[in-house]
Amino acid sequence: MNHHGYSCAACGFNFGAVYGAVAEHNVQVHHVRPLAAQGSTGATDPVKDLIPLCANCHAVAHFRNPPYTVEEIRKFVHKE
């Protein structure tokens with residue numbers, strides 16, 4: 001998470017900011033392109049292919065197949 005940090009890319013939630021040191025590095029990692037869609041071709045690029053999402057936004061991303069994008073989730077959160 002060196003590149004993306006530990007804040008949710010969709011809503012901005014940061015566990016460390018809310019809960020302190022006990023949770024400062026907690027975030028879920030979401031594959032922008034689902035692993036099943038990637039098949040066995042190529043390696044995952046952590047900068048391009050992975051994004052940090054909080055547990056709530058990660059769950060919402062997977063409410064459909066293919067998953068909602070970060071931009072779509074931001075619209076849900078911010079009522080845009």
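Structure's up top.
Note that the structure is a prediction, hence the values are computed from the model and not measured.

A. Here's a closer look at the overall build of the protein chain. Helix and strand counts for the protein chain come out as 5 helices and 2 strands. Counted from the first residue to the last, the protein chain has its helices and strands arranged as α-β-α-α-β-α-α. Structurally, the protein chain occupies a C-alpha span of about 40 × 30 × 15 Å along its principal axes. Per-residue burial for the protein chain yields a buried fraction of 25% across its 80 residues. Relative to all contacts within the protein chain whose residues are 6 or more apart in sequence, the contacts with residues 24 or more apart total 49%. Accessible surface computed for the protein chain: about 5400 Å², of which carbon and sulfur atoms make up 55%.

B. Just the side chain of Asp49, in detail. Tracing the sequence through the fold places Asp49 in helix α3 (residues 46-49). Lacking a salt bridge, the buried Asp49 has Lys48 as its closest oppositely charged neighbour, with an N-O distance of 5.4 Å. At 2.7 Å, the side chain of Asp49 and the backbone nitrogen of Asp45 are in polar contact. For Asp49, the residues in contact, after removing those within four places along its chain, are His30, His31, Val32, Ala43 and Thr44.

C. A nonpolar patch on the surface, seen in detail. Where nonpolar side chains cluster on the molecular surface, the patch consists of Val18, Tyr19 and Val22 and spans about 360 Å² of accessible area. Note on placement: Val18 falls in helix α1 (residues 15-19).

D. View of the nonpolar core. In this structure, Cys8, Ala10, Phe15, Ala23, Ile51, Leu53, Cys54, Cys57, Ala61, Val70 and Ile73 together form the largest nonpolar core, which totals 11 residues. At the level of secondary structure, the elements contributing two or more residues to this core comprise β2 (50-53), α4 (55-61) and α5 (70-78).

E. Region of interest: unusual backbone geometry. Across the junction of Asn65 and Pro66, the peptide omega takes the value 5 degrees, indicating a cis bond. Tracing the chain through its elements places Pro66 in the loop between α4 and α5.

F. Region of the structure containing the pattern of salt bridges. Taken as a whole, this structure holds 1 salt bridge when the rule is applied. Close ionic contact of Arg64 with Glu72 constitutes a salt bridge, the shortest N to O distance being 2.9 Å. For Glu72, a relative accessible area of 27% gives the class partly exposed.

Definitions and limits used
- Residues numbered from 1 in each chain as written.
- Predicted model: local features only at pLDDT ≥ 70, side-chain atom pairs only at ≥ 80, totals over all residues.
- Heavy atoms only, no water.
- Helix = DSSP H or I, 4+ residues; strand = E, 2+ residues; numbered from the N terminus.
- Buried < 20%, exposed > 50% of the residue type's maximum accessible area, 1.4 Å probe, protein only.
- Contact = heavy atoms within 4.5 Å.
- Areas by Shrake-Rupley, 256 points an atom, 1.4 Å probe, with all protein chains shown as cover.
- Lys, Arg positive; Asp, Glu negative; His and termini not counted.
- Salt bridge = Lys/Arg side-chain N within 4 Å of Asp/Glu carboxyl O.
- Polar contact = N/O pair within 3.5 Å; in protein donor to acceptor, adjacent residues only side chain to side chain.
- Patch = residues over 30% accessible without salt bridge, like charges linked within 9 Å, V, L, I, M, F, W, Y side chains within 5 Å.
- Core = buried A, V, L, I, M, F, W, Y, C linked by side-chain atoms within 4.5 Å.

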